[in-house]
Amino acid sequence: MGLGSRGAAAAGLGAASAAVRPGPPDAVRHPVPTPPPKGAARASSRPHGMVVKAFFPTCCASADSGLLVGRWVPEQSSAVVLAVVHFPFIPIQVKELLAQVHQAGRVGLAVLGTWCHRRQEAEERLGPFLEGLGAIFSHEPWLQLCRERTSGLWSCKATRQQGPTRPGVKDQVMLVFYDQRQVLLSQLHPPAALPDRQAGDATASAEGLAAVFDTVARSEALFRSDCFDEGPVRLSHWQSEGVEASILAELAKRASGPVCLLLACLLSLISAARTCRVFKLRPLSFIWSKLSVCGQLGHRLEQLALVFSTQKAESPAQLMRKANVLVSVLLDVALGLALLSWLHGKDRIGQLAEALVPVADHVAEALQHLLQWLMGAPAGLKMNRALDQVLGRFFLYHLHLWISYVHLLSPFIEHILWHVGLSACLGLTVALSTLSDIIALLTFHIYCFYVYGARLYCLKICGLSSLWRLFRGKKWNVLRQRVDSCSYDLDQLFIGTLLFTVLLFLLPTTALYYLVFTLLRLLVVAVQGLIHLLVDLVNSLPLYSLGLRLCRPYRLAAGVKFRVLEHEAGRPLRLLMQINPLPYGRVVHAYRLPSCGCHPTHSWGSLCRKLFFGELIYPWRQRGDKQD
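Residues numbered from 1 in each chain as written. Predicted model: local features only at pLDDT ≥ 70, side-chain atom pairs only at ≥ 80, totals over all residues. Heavy atoms only, no water.

Along the backbone of the chain there are 20 helices and 13 strands. Looking at the chain as a whole, 41% of its 628 residues are labelled buried. Restricting to contacts in the chain with at least 6 residues of sequence separation, those with at least 24 account for 71%. Summing over all exposed atoms, the chain offers an accessible surface of approximately 35300 Å²; the carbon and sulfur share of this is 63%. (Helix = DSSP H or I, 4+ residues; strand = E, 2+ residues; numbered from the N terminus. Buried < 20%, exposed > 50% of the residue type's maximum accessible area, 1.4 Å probe, protein only. Contact = heavy atoms within 4.5 Å. Areas by Shrake-Rupley, 256 points an atom, 1.4 Å probe, with all protein chains shown as cover.)

What follows is the structure, given as structure tokens:
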């Protein structure tokens, strides 16, 4: 917080990360402070008291005269004013209220001084009376804040009844105004001063300006009563403007308890049924682990269990995560219902069912022409005719089986699509995951072609690499997982040469089929990858945090800045503390939700290596996958 004024530099605020911005000309007589003279550093060694930073809430600027209640931070020489106690009051009742707040929030509050707002002629005689209250509520230093009757000028004093101060030495007071409501609701204060802090840093002691946010956050018990209550102590703070919203929030909080308990019981029953031994059998467990819709349903159950959990959030980060999950689920279900209404309107499901079979026939015809092109002389290449005819007829037979399978299901396609469309009631992500599984089923023949070609190609690559090691007098040691030297006789070298020649001349034909069907397979995987990317976007996007950043940016704070309100000789420096909002990129990075994670994430190096050596590329995550 590099302040551009002489008074701010003397206040010791240069260690924090904030900036001072001059206020408007009508509010500041000298918007740009003059730089200190060359002898300022030498003059600072003269005897003077310490600089006291008084943080005063803007909501109390128009409050009636009374006592200043807050917390004194000796490490920072700061006084954080939280409320103003109005007359009349009984001192013992004020001390009891402060003790109750200390017991509730574990924050030590005290009477820091007096507040005098001179709005009438009779109130000018309150000065001697307010100064005498320092004998009842002893505090060092004792603050005396006063606002003039007509001119609106402020005067601040900090006196000491005891201490090592010398005659003629006075404490300087810097008055910093802050919005108490924004500071209370902001995420700058511990235990989550910034969203990217680690869990261990959340319990660390507050330093610098974080002590102000910590004090306001832990003093919620003080804000439960205001000047409109009929209690023995009347206060002015940020809730003095009205508590209707707090009452509605309390009623909603009480009503949500039984609802969350009921839904948590239902979700626990569903989770228990999912972990039943029947679903752990080999076919069902395999299907559950490979289908995208099953993984998304499991992820949705985890989200609902987190939202409707009866356990109270222990930190603002957990509360923010619950809110993000709830908004994500609600938006997902809303988009799913919109998709469902669009599908069932104007008989669009019937139109899709009628167009599906002709599209399948067109794809099969295109694949048939492609296989016939490969069985000839593709691009003028000289292929092994015998192997070419065998592979071409093999793939044509599988293509015939697949188109027969589609025509066999054609009478039931409309009913299947109608029941599949109902999955949109569970959310758009469930419908997209179902669409990904349908694409996988409809392109199963392409997957089979890819697997056959990849296995043949991988077999030839492995054979050629083993025979190449044979020519060099090497062999692969399976036990030690390394290449060792080995001596071969003449018969072994002769047979190896024959096999190497046969595999080498058959490799172009196999590689061509593998290349064509791998490109088709990559096209299908790319379409499924786009669907999974959209699903992950809906699952992981922190919509609630982005909404807070858009509508109420002070809720997600990255720091503070200061604006100079008054900087005159002979008067205290007055600053306005404002909150710097967190950038949108950091909001997404800090509050991003975990995604389903049921599909693999290959790096480019890993993908190219698998394609070159003929390893299969699965649309799901394997148990032994290693990411580069």
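Turning our attention to the pattern of salt bridges. Applying the stated rule across the entire model yields four salt bridges. Residues D484 and R482 are paired through a salt bridge, measuring 2.9 Å at the closest nitrogen-oxygen approach. For R482, a relative accessible area of 39% corresponds to the partly exposed category. Notably, a salt bridge pairs E566 with R574, separated by 2.7 Å at the nearest N-O pair. Comparing E566 with R574 shows no difference in burial state: the two are buried. (Salt bridge = Lys/Arg side-chain N within 4 Å of Asp/Glu carboxyl O.)

Another aspect to go through is the packing of helix α11 (residues 316-344) against helix α18 (residues 543-551). One way to put it is that α11 packs onto α18 with a least axis distance of 7 Å and a crossing angle of 105°. Overall, the two elements α11 and α18 adopt an arrangement that is roughly perpendicular. Along the contact surface, α11 presents M320, A323, N324, V327, S328 and L331, while α18 presents L543, Y544, S545 and L548. Taken together, the residues of the contact of α11 with α18 break down into seven nonpolar, three polar and no charged. (Axes fitted to C-alpha atoms, helices over the stretch in contact; angles between N-to-C directions. Parallel < 35°, antiparallel > 145°, perpendicular 65-115°, else oblique. Nonpolar A, V, L, I, M, F, W, Y, C, P; charged D, E, K, R; others polar.)

Attention now moves to the UniProt feature "transmembrane region" (unreviewed entry) in the chain. The sites that UniProt annotates as "transmembrane region" (unreviewed entry) are residues 325-343, 390-409, 416-443, 492-516 and 522-546. Between the end C-alpha atoms of residues 325-343 there is a gap of 27 Å, over a span that is 100% helix and 0% strand. (UniProt positions renumbered as here; feature names shortened; annotations may be inferred.)

Attention shifts here to the packing of aromatic side chains. Scanning the entire structure with this criterion turns up 17 aromatic pairs. Here a set of aromatic residues connected by ring pairs shows up, and it is made of F394, F395, F449, Y452, Y513 and F517. Sitting over the ring of Y584, R549 keeps its end group 4.5 Å from the ring centre. (Phe/Tyr/Trp six-rings, centres within 6.5 Å; stacked < 30°, edge-to-face > 60°. Lys NZ or Arg CZ within 6 Å of the ring centre and 35° of its normal.)

Attention now moves to the side chain of R555. Structurally, R555 is set in the loop between α18 and β12 (557-566). R555 sits in the buried class, given a relative accessible area of 16%. A polar atom in the side chain of R555 sits 2.9 Å from the backbone oxygen of L185. For R555, the contacting residues outside a window of four places in its chain are L185, S186, Q187 and L548. (Polar contact = N/O pair within 3.5 Å; in protein donor to acceptor, adjacent residues only side chain to side chain.)

The next point concerns the packing of helix α10 (residues 292-307) against helix α17 (residues 490-540). Where α10 meets α17, the closest approach of the two axes is 13 Å, and the angle between their N-to-C directions is 5°. Comparing their axes, α17 and α10 come out roughly parallel. On α17, the residues that touch S292, Q296, H299, R300 and Q303 of α10 are H532, V535 and N539. Here the contact of α10 with α17 is built from residues that sort into one nonpolar, six polar and one charged.

When you tally the buried positions in strand β2 (residues 51-57), you get seven out of seven residues, the bulk of the element. Examined bridge by bridge, β2 and strand β8 (residues 172-178) share seven bridges and lie parallel to one another. Its bridge partner lying in β8, V52 is registered against V173. (Pairing = 2+ DSSP bridges.)

The subject of this paragraph is the side chain of S328. Mapped onto the elements, S328 comes out in helix α11. Here S328 is in contact with V538, N539, L543 and L593, once residues within four sequence places are set aside.

With that settled, consider the environment of R609. Residue position: R609 is located in helix α20 (residues 604-613). Residue R609 is classed as partly exposed on the basis of its relative accessible area of 39%. Of note is the side chain of R609, whose polar atom sits 3.3 Å from the side chain of E615.

The next subject is helix α16 (residues 444-471). Compared with the 40 Å implied by 1.5 Å per residue over 28 residues, the 41 Å span of α16 between its first and last C-alpha is a close match. Downstream of α16 by one or two residues, G473 has phi in the positive range, about 75°. (Expected span 1.5 Å × (residues − 1).)

Time to look at unusual backbone geometry. A positive phi angle, near 55°, is found at S77, a position not held by glycine. With respect to the helices and strands, S77 occurs in the loop between β3 (66-73) and β4 (78-86).

This next bit is on the nonpolar core. By size, the foremost hydrophobic cluster in this structure holds 42 residues, and its most contacted members are F55, V85, V94, Y178, L222 and M577. Mapped by element, the contributors of at least two residues to this core are β3, β4, α3 (91-105), β8, α5 (180-185), α7 (210-217), β12 and β13 (574-581). In this structure M577 touches F55, V176, F177, Y178, V183, L209, F213, V560, K561 and F562, once residues within four positions along its chain are discounted. The next biggest cluster of nonpolar side chains, apart from the first, holds 23 residues, and it includes F56, A61, W115 and L175. (Core = buried A, V, L, I, M, F, W, Y, C linked by side-chain atoms within 4.5 Å.)

Next up on the list: the pairing of β4. Counted residue by residue, β4 has nine buried out of nine residues, so it is predominantly covered. Alignment of β2 against β4, held across three bridges, turns out to be parallel. Its bridge partner being in β4, K53 is matched across the sheet by S78. Pairing analysis gives eight bridges linking β3 to β4, with the strands arranged antiparallel. Within β4, the residue paired with R71 across the bridge is V80. Hairpin remark: β3 followed by β4, antiparallel, with four residues in the connecting loop; positive phi at S77, about 55°. Here β4 pairs with strand β9 (residues 235-236) via two bridges, running antiparallel.

On to the confidence of the model for the chain. Predicted coordinates in areas of low pLDDT are best not read in detail. Here the chain averages 75 in pLDDT, while 72% of its residues score no lower than 70. α18 holds the highest mean pLDDT among the elements of the chain, 90, whereas strand β1 (residues 20-22) holds the lowest, 35. Confidence drops under a pLDDT of 50 for residues 1-47, and excluding neighbours within four residues, the segment shows 72 contacts in the predicted structure. (pLDDT = per-residue confidence, 0-100.)

This part takes up the environment of F612. Looking at where F612 falls in the secondary structure, it is placed in helix α20. You can call F612 exposed: its relative accessible area is 52%.

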